[in-house]
Structures are given as C-alpha cells and as structure tokens.
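# Commentary on secondary and tertiary structure
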Amino acid sequence: MASPEQPSAKRIAAPAPPPPLSRLNDDLLAEIFLRLPALADVGRAATACSAFRRVVADRSFLRRLRSAHASPLLGLLLLSSIHPAEPPHSNAPFARALRRTADLSFSFVPSAGAGRWIPVDARDGRVLLEREAMSGDFAVCDPLSRRYLLLPQIPGRPTAQRRGRLEPFLVPADDEDAETLFRVVCVVECKPGQLVAFVFSSATGQWESLTVDASVQPSCKFSWSSYACGCFYWNVIGTNKFIVLDPRSMEFSSVSIPSGHGQQDSVIVEAGEGSIGMFTVYNSIISAASYLVYTVREIDQEGNNVWQFKKRVRLPSQYIFSFADAMERHLLLRGIPWNLHLGFSNDESDIGYFSVEFQSMQIEKMCDLKHLLYAKLYTGFPPSLCVPSI
C-alpha cells in the first residue's frame, strides 16, 4: 500500500534587507558627493566615517571635484607670506583651516642665505617664489604639503633685470595635469621692442626660450597680468591696448579697448561662452565716490568687435580704489581712505582689500593692512580636499 503523499514544504523567501551605508558602491558615493551644493558639505561628509573619507581622498574624485567647483578664495599673497581672509568674509572658515594646516611663510623652502623668498604668483595650490630684489632665481612650492622645487637658473640670467620685464606667472594646468605638472613663464624685453618668453616645464625640468614679436614700443610699461579664456592680458600703460599671450601656442597678439579706458584702471576677465569682459574702476574726487564698470566684447551684425556696457556698481564710499589682482572669478580691489589719499589726515589709516565675485558682484572685505602692499589673490581647496601638487 502506497504511503500517503506528504505535502512538500513551501519555501518563502524573506525580503532582502536594504544594504547598509558601508556597502554602498564607492562610485555611487562619489556621484552623491559631487552633487552636494558646497565644498563645505563635501568636507563634512569626509569626516563622517572612514568609508566616506576613502572616497573623498581618491585622486580621481578630487580631480572631478575641481571640475565641478571653483577654487574658493582663501587669502592674499603679500611680500613674504599668505595672509588668510578674515571674518566676516564668507571664506574665512576655509582660511582658518589653511592657517592651521599650511606653512604660510614658506619657511620650508631653503634660502641658503641669498635673500628671502617673495611670492609672485599662485595657482592650482602652488605658489611661485622669487628671491627678493628680482634676482631671477625661482622656486615653486606647495604650502600645504610643504613640498618645493628649486628651478634652475635661466641661461644668461635675463630675468634679473628690472626694465622691460613682465611679471613671472604660473600657467593654469589642464585638468589631467593639475596634480603634478606645471609651467612657469617669464617674459623679458631682451632687446628694444623685442619680447622673449622663457618657459619652464616641470615635465622636462628645463627652460626654453621663444622670441616673439609683440609690436610694442621699446621700454614701454605694462600692468600686472590677468587671465581669461586661456590667455594672459597686460595693459600697455598709457595706451588703449592690451598685449595678449596664448600659453598654448606661445604667440602674442593685441586687443584694443575703447578710447579713454587706457587712462583708467582696467582689467580683462572671462565673460563666458568664449568672450572676454573688462572691469574698469572710476574714482570721482568731486563726489568722493568710486564705481566699478563692466563691459563685454561682442560681435555686431557687421562682424566687428564692439564693447557693450553691462553694469555699474558703486563701491564702498570711504575709499578710492584701484585693482590689485584678478584671478578666475574674483577681482581684488585695494581701497585707500579718501582722507589719506587727499592728504587731509596724518593719522595712520588702514588700507582695505576687497574681493569682488564676477557673477554676483558681491563685494567683501578680506582684511585691513597698515601699509600699501603688493598683494595677489590666493585660491585653493580646503586642506581636507587637497592632494600634494608637487
């Protein structure tokens, strides 16, 4: 007799528990962090747990982060150090982190008793140094990692001359090369009216010279440089012309500006969509007022380049202003109190340094200094979001 058939046990699959945060794919975490609205949010995420920190510290993630976020403004390059932005500037918290972590006086770069190092430019987390008195001796350092590279001397030391030399500068790195590779350019008028560009590449460790014809008058004077749309711009003092250097082709050209602007303090900036813009400072002694005027070069219906007025912004009323620097999306304005400028006061007055963000036209005081000093902008990512750049 056959035994009764036993009913088979039914297997009911339990629902799989949701994966814990620690099991999230690193690529998915990276995409989430890249969509955070502010760099401070990414920095806070990195401190939450070791898994998050591992993702944020990855070099490929930091490379993408640099493309998604502009480098915040952290401070000023002064004669011998970096001066962090002070409260109530919006980036003061980042600047405090920089002060705690970095060597802001470059004491780790050996001087060998030949004079102190003077910072002359900064870009991509690096600072270009030159020995005082325009010696023509250069070094590039990373204040956060305390790494440095002493550059070899240019044969013949042509950059040690004071006349006819444009300000040495670092070339912005391509995204793929921004971590370790850099170039330094110094332009010198070796012969009357003839400019020679000396280019150092960290890839080769050598200087190369390129003779260029910039069609300039012998011994003319230039403003400091600004960078826009992949090129460097110098105003030829007293003229309505900017000299332009394309560091990719190492070719010079020129840009004309409207008549009268050459007598004012002007700087070229990037206006978006491949166009250049120009900021000009106007100071009125009669009304004791200062204005920042913005124009953009556009192409009219006949194909001609024309400068179109876009906006005018009134600056803080107690100062007379001039440009100190322009970098990426910020201007640096130097403000001298009107009473000091006009000689109405013998008291020691503070010189105000102000940042202006291009798009929003937000004006913020970075600091007050007791003396009128050479100053340039210093930008970079917070220490927790940086990797060594040298």
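Residues numbered from 1 in each chain as written. Predicted model: local features only at pLDDT ≥ 70, side-chain atom pairs only at ≥ 80, totals over all residues. Heavy atoms only, no water.

Labelled according to an unreviewed UniProt entry, the protein appears under the name F-box domain-containing protein, originating from Panicum virgatum.

### A short note on the nonpolar core
Rules: Take the buried Ala, Val, Leu, Ile, Met, Phe, Trp, Tyr and Cys residues and link them wherever side-chain atoms come within 4.5 Å; each set so joined is a nonpolar core. We call a residue buried when its accessible area falls under 20% of the maximum for its residue type, exposed when it is over 50%, and partly exposed in between, using a 1.4 Å probe and counting protein chains only.
By size, the foremost hydrophobic cluster in this structure holds 36 residues, and its most contacted members are F61, L65 and V127. Listed in part, the 20 residues of the second largest apolar core include F279, V281, L315 and M361.

### Describing the environment of R248
This is how the line gets drawn: A helix here means a DSSP run of H or I that spans at least four residues, while a strand means a run of E at least two residues long, and both kinds are numbered starting from the N terminus. Contact definition: two residues touch when any of their heavy atoms are within 4.5 Å. In protein, a polar contact means a hydrogen-donor-capable atom and an acceptor-capable atom, both N or O and within 3.5 Å, with residues adjacent in sequence counting only if both atoms are side-chain atoms; elsewhere, any N or O pair within 3.5 Å suffices.
Inspection of the secondary structure puts R248 in the loop between β13 (241-246) and β14 (251-256). Look at R248 and you get exposed, because its relative accessible area is 59%. Residues R248 and G230, 18 residues apart in the sequence, show an inter-C-alpha distance of 8.1 Å. When near neighbours in sequence (up to four residues on either side) are disregarded, R248 contacts C229, G230 and C231. Here the side chain of R248 touches D246 through a polar contact of 2.9 Å, side chain to side chain.

### Brief notes about the sheet that holds strand β16 (residues 275-284)
The strands that make up a sheet pair up through hydrogen bonds in the backbone, lying either parallel or antiparallel. The line we're drawing: For two strands to count as paired, DSSP must find a minimum of two bridges between them. Every axis in this analysis is a line fitted to C-alpha atoms, fitted for helices over the stretch in contact. Angles between the N-to-C directions lie between 0 and 180 degrees.
Here 4 strands make up an open sheet; going across it, the order is β15-β16-β17-β18 and the pairing antiparallel. Sheet topology places β15 (265-272) and β18 (305-314) at the edges, where each strand pairs with a single neighbour. Each neighbouring strand pair of the sheet contributes to a mean axis angle of 30 degrees, computed without reference to strand direction. Inspection of the sheet shows β15 paired to β16 by 7 bridges, in the antiparallel sense. The partner of E270 across the bridge, within β16, is I276.

### Some points on the side chain of H69
The topology assignment puts H69 in the loop between α4 (59-68) and β1 (73-77). The class of H69 is buried, set by a relative accessible area of 14%. Dropping the residues within four chain positions of it, H69 is found in contact with L34, L36, P37, A38, L39 and F381.

### Structural notes on the pattern of salt bridges
Defined as follows: Here, a salt bridge means any side-chain nitrogen of Lys or Arg that lies within 4 Å of a carboxyl oxygen of Asp or Glu.
Scanning the model with the defined rule gives 12 salt bridges in all. The partner of D26 in a salt bridge is R54, with the nearest N and O atoms 3.0 Å apart. Residue D26 is found in helix α1 (residues 26-34), and its partner R54 is found in helix α3 (residues 50-57); the two are separated by 28 residues along the sequence. Classification of R54 by relative accessible area gives partly exposed; the value is 47%. Residues E298 and K310 are paired through a salt bridge, measuring 2.9 Å at the closest nitrogen-oxygen approach. You can see E298 sitting in strand β17 (residues 289-299) and its partner K310 sitting in strand β18, a full 12 residues away along the chain. By relative accessible area, which is 29% here, E298 ends up partly exposed. The class of K310 is partly exposed, set by a relative accessible area of 42%.

### Quick look at the sheet that holds strand β2 (residues 82-84)
Read across the sheet, 3 strands follow the order β2-β1-β23 without closing on themselves; strand pairing throughout is antiparallel. Both edges of this open sheet fall to β2 and β23 (376-379), since each of them pairs with a single strand only. Averaged over all adjacent pairs, the angle separating strand axes in this sheet is 40 degrees, with direction ignored. Pairing geometry for β1 and β23, over 4 bridges, is antiparallel. Directly across from G75, in β23, lies its bridge partner Y378.

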